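The primary structure of each chain is shown beneath.
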Amino acid sequence: MRGYPMNIHQKNAAGLTSAGRKYKPQYRFTRWDAGVVVLIVLLTAGIAAWLFQTTQNSITEDSHLEAVLLVSGKEVWRTDLSVLTSRETYDVAVDEGGLTVLAEAGKVCIETSQCPDQICVHTGWLISAGQTAVCLPYKTVLKVVSVDGQGSITADTSALYDAISR
Amino acid sequence: MVLLLFSLSGCSGSATLTDAATSSTAAASAGKAATADFFAMNTYMSITANGTEAQAAVDAAQAEVYRLENQLSRTITDSEISQINAQSGNGPVSVSKETFDMILEAVSYSEKTGGAFDITIAPVMDLWGFSDSNFRVPEQTEILAVLPLVDSQKIILDEAALSVELPVEGMALDLGGIAKGYASDKVQQIMSTYDITSALISLGGNVAVFGPKADGGLWKIAISDPNAADSYIGILTATDISVITSGGYERNFTKDGVTYIHIMDPALGSPVQSDLLSVSIITQSGVQGDCLSTSLFVMGKDKAIAYWQEQQDFECVLVTTAGEVFASSGIKDTFTLTDEQGTLIFF
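Residues numbered from 1 in each chain as written. Chains lettered and ligands numbered in written order. Predicted model: local features only at pLDDT ≥ 70, side-chain atom pairs only at ≥ 80, totals over all residues.

The next point concerns the sheet that holds strand S5 (residues 163-165) of chain B. All names here are of chain B. An order of S3-S5-S4 is seen for the 3 strands of this open sheet, with the pairing classed as antiparallel. What marks the edges here is a single partner per strand, and that holds for strand S3 (93-94) and strand S4 (156-158). In terms of strand pairing, S3 meets S5 through 2 bridges, oriented antiparallel. Residue pairing across strands places serine 94 opposite serine 163, the latter belonging to S5. (Pairing = 2+ DSSP bridges. Helix = DSSP H or I, 4+ residues; strand = E, 2+ residues; numbered from the N terminus.)

Moving on: the pairing of strand S15 (residues 276-283) of chain B. All names here are of chain B. Burial of S15 is extensive: 8 of the 8 residues sit out of reach of the surface. With 6 bridges joining them, strand S10 (residues 241-247) and S15 adopt antiparallel strand pairing. Considered in S15, the bridge of glycine 247 is made with serine 278. Sheet topology places S15 next to strand S16 (residues 315-320); 6 bridges connect them, and they run antiparallel. For serine 280, the partnering residue across the bridge sits in S16 and is valine 317. (Buried ≥ 20, exposed ≤ 12 C-beta atoms within 10 Å, placed from the backbone.)

Residues and elements named next belong to chain B. The assigned domain composition of chain B is domain 1 (75-173) and domain 2 (218-347). Put simply, the middle of domain 1 and the middle of domain 2, counted by C-alpha atoms, are 25 Å apart. Contacts between domain 1 and domain 2 engage 18 residues on the former and 15 residues on the latter. Looking at the side of domain 1 that touches domain 2 element by element, the count peaks at 3 residues for helix H6 (residues 122-128). (Domains from an automatic or database assignment. Contact = placed C-beta atoms within 7 Å.)

Moving on to the environment of serine 163 of chain B. All names here are of chain B. Structurally, serine 163 is set in strand S5. Assessed through the 16 C-beta atoms surrounding it within 10 Å, serine 163 is described here as partly exposed. Sequence separation between serine 163 and glycine 177 is 14 residues, and the spatial gap between their C-alpha atoms is 21 Å. In contact with serine 163, not counting residues within four places along its chain, are Pro92, Val93, Ser94, Val95 and Asp158.

All names here are of chain B. In this model helix H5 (residues 97-112) runs 22 Å from its N-terminal to its C-terminal C-alpha over 16 residues, within 8% of the 22 Å that 1.5 Å per residue would give. The complete set of buried residues in H5 reads Thr99, Met102, Ile103, Ala106, Tyr109 and Ser110. Buried positions in H5, seen along its axis, are confined to an arc of 115° and lie on one side of it. Turned more than 90 degrees away from the buried face of H5 sit Lys97 and Glu111, all of them exposed. Of the surrounding elements, those touching the buried residues of H5 are helix H3 (54-72), helix H4 (80-86), S4, S5, helix H8 (179-191) and helix H9 (286-299). Positive backbone phi, approximately 65°, marks glycine 114, located one or two places after H5. (Expected span 1.5 Å × (residues − 1). Arc of directions from axis to C-beta.)

Another point: the sheet that holds strand S1 (residues 64-71) of chain A. Residues and elements named next belong to chain A. Here we have 4 strands laid out as an open sheet, ordered S2-S1-S7-S6, and antiparallel in their pairing. In this open sheet, the two strands that pair with only one neighbour each are strand S2 (74-80) and strand S6 (132-135). Direction aside, the axes of adjacent strands within the sheet are offset by 20° on average. Across 4 bridges, S6 lies against strand S7 (residues 140-147) in antiparallel orientation. Counterpart to threonine 132 in the pairing with S7 is lysine 143. (Axes fitted to C-alpha atoms, helices over the stretch in contact; angles between N-to-C directions.)

Shown next, in the form of structure tokens:
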């Protein structure tokens, strides 16, 4: 073809260069290409981080309080305090005695116990994550935990305290 | 890369991400928590750790507490302390360096506190029934008969032989005033060897925290209200600290209208009668916190304040029978009273 001179890398309609050779595109990885790759990696990482953060936020927003009862380290009873609409009780027989747990909307306590010192009963209502009522003679612990939407214990930033020194 | 982008946009609720999101993976690992709830040393214990090796850390901590209980409890027949007590009046008993050092430190605190802290108090505790919960009010003659057995300075310690001797028959050691503090320090040492970011340790109400909380903030440690079991008098905001409280409100018995608490005055052989309802020690040493919480309670408010002014290597909160709260000035910016109308006096 006549016309403007062809670059050795340009090809005509037949796929031939001006030198008559079959045109084979040659790719050379340039700095611009590297920059595009880095940009894509950063963009991907940023979106992934945003997705993760959004997920975490939704987990925290879905958290609720649950009461958990442990006897000799084993969980024997659990209830979601956020959905209770009426009184719920649970009786535990331990050795030759026992105790009764009472749960109402948003709170739980050891209502009665046959233990000699009654410390667990005197502890009163538990209303915040991290609070516990302990019955040493019966090796029983009643505690309130904050649980996320997936059933895992999560930190409750609104908890009254993280631990109590007594 | 485009395919990776679209695949990630479908993920939700999963903490398993690609290496590209390294900060998110680190956050997920840092957020892992594990807790051990168990009974040991005659009390309830809860140990929580956050981090990649949280479960391994709390498992190791629990094992350590059990190990120490087997070594130090005087209610376990073959513990080192039981062996010492069984041999009272019959010569020295070889012990581990760990037990020897702990007894040595306890004796040191006895000297420093003018005898307010005394691990030879066991015969008095037995007399009042606090060892087996068969509570009774002994006659004064009975008290006078056991008082000569209460004196830490009589313990014979041979460092070269690593032996402990109670020279008078009937003498007995009870490490209840130092064991949990020591256990807390040991647990923290062990847990720090694991890949964890923070931990919260509560050994029978002896609280220790290290590292930032999962949300990056400081821990809120409440101090129990001695007048109300379900309440607290204030909050300390801190980390890398132990808060240990002594008071008579949990272990006591009442007879003929009089309440007798479990904290004994070593000089009198009877429950402490002071103007304090509780003493909380804030310190980095669990042993110091445990020993001093008992000691300052025995001393009473004025002597406790004088002791702090002399030492000043710890902080403290004192709750008096008059309903006042005194606190050392080092926690002025980190301790907040729950009752805004209450009286908080810094010294």
